[in-house]
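Single-letter residue listing:
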Amino acid sequence: MQPQILVLKEGTDQSQGKPQLISNINACQLVVDAVRTTLGPRGMDKLIVDHGGKAVISNDGATIMKLLDIVHPAAKTLVDIAKSQDAEVGDGTTSVVILAGELLKRLKPFVEDGVHPRIIIRALRTVSRLAIERIQELAVKIESQSPEEQKELLRKCAATAMSSKLIHQQKDHFSKIVVDAVLSLDAPLLPLDMIGIKKVSGGALEDSFLVSGVAFKKTFSYAGFEMQPKSYNDCKIALLNIELELKAERDNAQIRLDNVREYQKVVDAEWQILYEKLAALHESGANVVLSMLPIGDVATQYFADRDMFCAGRVVAEDLRRTQRACGGAVLSSVRDMKPESLGRCAQFTERQVGGERYNIFTGCPAAKACTVVLRGGAEQFLEETERSLHDAIMIVRRTIKNDAVVAGGGAIDMEISKRLRDHSRGVAGKEQLLVAAAARAFEAIPRQLADNAGLDATGLLNKLRQRHHAGDVWFGIDIQKEDIADNYVNCVWEPAVVKINAVTAACEAATQILSVDETIKNVKGEAPPQMPGRGMGRPRMG
C-alpha cells in the first residue's frame, strides 16, 4: 500500500480537468444572461438592490456587472472586461460581455468532444486578428472637415450611444449638450474631470442645461449673506483654505489670568487676527471669496458691508475646478497676497435652479471647463441619466481622438461573421470548425438586438446574411422600421475603437477562461480560540 501524500491542507477544494472547464463556461453563461436583455434601443433595465437596501435602476452593462456580487472566480473575468471597456472607451460594455459569453457557448461543444483547449485558443487568436483587420479595413476615416460638419458627426455618435439608454427620447437635446461640453475642453487631452455633472431633482429632462464655466450649489451661509451682491462682471476670485471665524480654544489649553483687563486683551487679540485677515482680503481687490473651510457670521457681515460675495465650506472638487478654470491659487494664508494669486472670470451670478441656488462662473480665461446641470424627476432616474451622459461623453472624446467610425446596429458584427466564415473554408483541420463556430458567435449582437425589440430574429438574420453576401457591408437591424437597413446612411455610427476594444477584450477573456483547467480553493485558516476576558475583580484563571 502506498501511503497517501497530502500536499494541500485538508479540506482544500480541488477540481480539475474537462468538467471544471465546462463548469467555468456555464458560470459565464449565467452572468451573460443577467445583462443580455439590456442590449440595444429596446433593451430592458435592471433594478439591483445592494446590501444597504439602496436600489439602482440601470441599463449600463458595466454598472450592472459592478453591482452584481459575483463570487465565481472564472465569471469575475467577465466583470473585469466590462470594467476595462468602460474605462477605456466608455460604451459597448454589454456587447463585450455578450460577445465573450457567446464565443464560449459556441466553443463549448468542442471542449466536450475532447478538442484540446490550446487548439481552440489558437483559433480564437486567429479570429481576433481577422476581426480587427476587417474593422480597420471598413472603418470610414472622417477627413478633417469644417467645425460644423465635425460637430454633426460627433452628435450622431453621441446619439447612437444614447439610443439604448433611458434618455433615448431626449437624445437630440442631450447630444448637443454633450458635444458642446467636450468641444469646450482643452485639446488634445480633453480632461474628463473638467466636465462637472450636477443633479437637481424636479423639472423635466429638457430643462437640463450646459454652463460653459463652473457651477456649484450654494453653500451653507450665515446671517448677512442675503445683503451681498449676487452678480458681478469681470470679477476677481480669492480661493482659500482658511477658516474665517473665531476658533474655539483648544480643549486642553489653559490661560491663567489675574485680572479682567488681561482677559480682554486675549479676546481682542482673537478679533484682531480675524479682522486683519478680512482687511487683507478686501485690499487684494477680490470680489468673490471662496473657502473650503467655514466663513463665519462676522466675516459674512464684513464682506456684505463692502459689496463682496463669500461662500464657505465649498466642496474641494468644485474649488479645484474653479481654480483650474479661473486661474489663481488656493491660498492657505492671506499674508502677501499677490494679484496673480487671484482667479478671474468674466461673469459671476447666483441663479435659482429648481429648489436649489447655484453659483455660476462663466467666461473663465485660464482653462476650459463646463458643468452640465441635469433636471429630472426621481433620484434614480437622475443617476441613470448621469451614467448615460458619461457613456456619451466618453464616446465623443474617443471619436475626436480616433476619427474613424463604423456602422452600429449589428452591421459590423455581421460583416466580421461573414469574413470569418469565408476564411474558415480555406483552412484545413480542426481550426476550420472552430473559426466557423466563432463566426456564428459574432451574430449574437444583431440577434440579441432583434430579440430585445421583440422582432423575428431568425428571419432578420437570414436577410442580413444574404445582404452581406451580396456585398452590402453596412446593413444591420433597423429597430424603428422593424426590418434591416443601411445603418451607415441612417447615421447609426460608433467609433471603430469601441468595436476593436470589444473584440480584443472578448477574445482575451474567452482564451483566459479556456486556458484554466484546475481550480484550487484554499480553506480559510481557523482563528485561534480567544481567551475569555477577565471582568472587574474576576480571579485569574488557572
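Residues numbered from 1 in each chain as written. Predicted model: local features only at pLDDT ≥ 70, side-chain atom pairs only at ≥ 80, totals over all residues. Heavy atoms only, no water.

## A closer look at the layout of surface pockets
Rolled over the atoms, a probe as big as a water molecule pinpoints where empty space is left. Here the largest pocket is characterised by a volume of approximately 860 Å³. Contributions of two or more residues to the lining of the largest pocket are made by α4 (93–112), α6 (147–162), α7 (171–183), α14 (444–452), β16 (475–478) and β18 (493–495). Ranked by residues supplied to the lining of the largest pocket, first place goes to α6 with seven residues. Tallied by class, residues from the lining of the largest pocket come to 14 nonpolar, 18 polar and 13 charged. The volume enclosed by the second largest pocket comes to roughly 290 Å³. As for the second largest pocket, its lining consists of 14 residues, of which Ile-195, Gly-196, Ile-197, Glu-317 and Glu-386 are closest to the centre. Elements that contribute at least two residues to the lining of the second largest pocket include exactly β5 (195–201), α10 (316–326) and α11 (379–401). Classifying every residue of the lining of the second largest pocket gives five nonpolar, two polar and seven charged. (1 Å grid on protein atoms, 1.4 Å probe; cavity = no way out; pocket = protein on both sides within 12 Å on 5 of 7 lines; lining within 4 Å. Points joined across faces, edges and corners; volume = space filled by probe spheres on them. Helix = DSSP H or I, 4+ residues; strand = E, 2+ residues; numbered from the N terminus. Nonpolar A, V, L, I, M, F, W, Y, C, P; charged D, E, K, R; others polar.)

## Remarks on the sheet that holds β5
Strand order in the open sheet formed by three strands is β5-β14-β6, with mixed pairing between adjacent strands. With partners counted over all chains shown, the strands left at the sheet margins are β5 and β6 (209–211), one partner each. The sheet shows a mean angle of 25° between the axes of neighbouring strands, taken without regard to direction. Pairing of β6 with strand β14 (residues 370–376), which is carried by three bridges, proceeds in the antiparallel orientation. By the bridge assignment for β14, Val-211 is matched with Thr-371. (Pairing = 2+ DSSP bridges. Axes fitted to C-alpha atoms, helices over the stretch in contact; angles between N-to-C directions.)

## As for the nonpolar core
Ranked by internal contacts, the top residues of the largest apolar core, which has 68 residues, are Leu-78, Val-503 and Leu-514. When near neighbours in sequence (up to four residues on either side) are disregarded, Val-503 contacts Leu-99, Ser-128, Ala-131, Ile-132, Ile-135, Ile-416 and Phe-442. Among the nonpolar cores identified, the runner-up in size contains 43 residues, and Phe-174, Ile-237, Phe-361 and Val-372 belong to it. (Core = buried A, V, L, I, M, F, W, Y, C linked by side-chain atoms within 4.5 Å. Buried < 20%, exposed > 50% of the residue type's maximum accessible area, 1.4 Å probe, protein only. Contact = heavy atoms within 4.5 Å.)

## Comments concerning empty space enclosed by the protein
This model, assessed by the stated rule, comprises two cavities of 30 Å³ or more. Taken as a whole, the largest cavity encloses approximately 70 Å³ of empty space. Thr-219, Phe-220, Ser-221, Tyr-222, Phe-225, Pro-294, Ile-295, Thr-300, Cys-310, Ala-311, Gly-312 and Arg-313 are the residues that line the largest cavity. Classifying every residue of the lining of the largest cavity by side-chain character gives seven nonpolar, four polar and one charged. Of the pockets and cavities examined, the second largest cavity occupies roughly 40 Å³. As for the second largest cavity, its lining consists of Asp-193, Met-194, Glu-317, Arg-320, Arg-321 and Arg-324.

## Topic: the environment of Gly-454
The residue Gly-454 is located in the loop between α14 and α15 (457–469) in this model. For Gly-454, a relative accessible area of 64% translates into the label exposed. Put simply, Gly-454 and Ala-123 are 331 residues apart on the chain and 34 Å apart in space, counted from C-alpha to C-alpha.

## As for a nonpolar patch on the surface
Side chains of Val-7, Leu-8 and Ile-520 sit close together on the surface and give an oily, nonpolar patch of about 280 Å² of accessible area. By secondary structure assignment, the location of Ile-520 is in strand β19 (residues 518–521). Exposure remark for Ile-520: the relative accessible area of 42% places this residue in the partly exposed category. (Patch = residues over 30% accessible without salt bridge, like charges linked within 9 Å, V, L, I, M, F, W, Y side chains within 5 Å. Areas by Shrake-Rupley, 256 points an atom, 1.4 Å probe, with all protein chains shown as cover. Salt bridge = Lys/Arg side-chain N within 4 Å of Asp/Glu carboxyl O.)

Keep in mind these values describe shape, not function.
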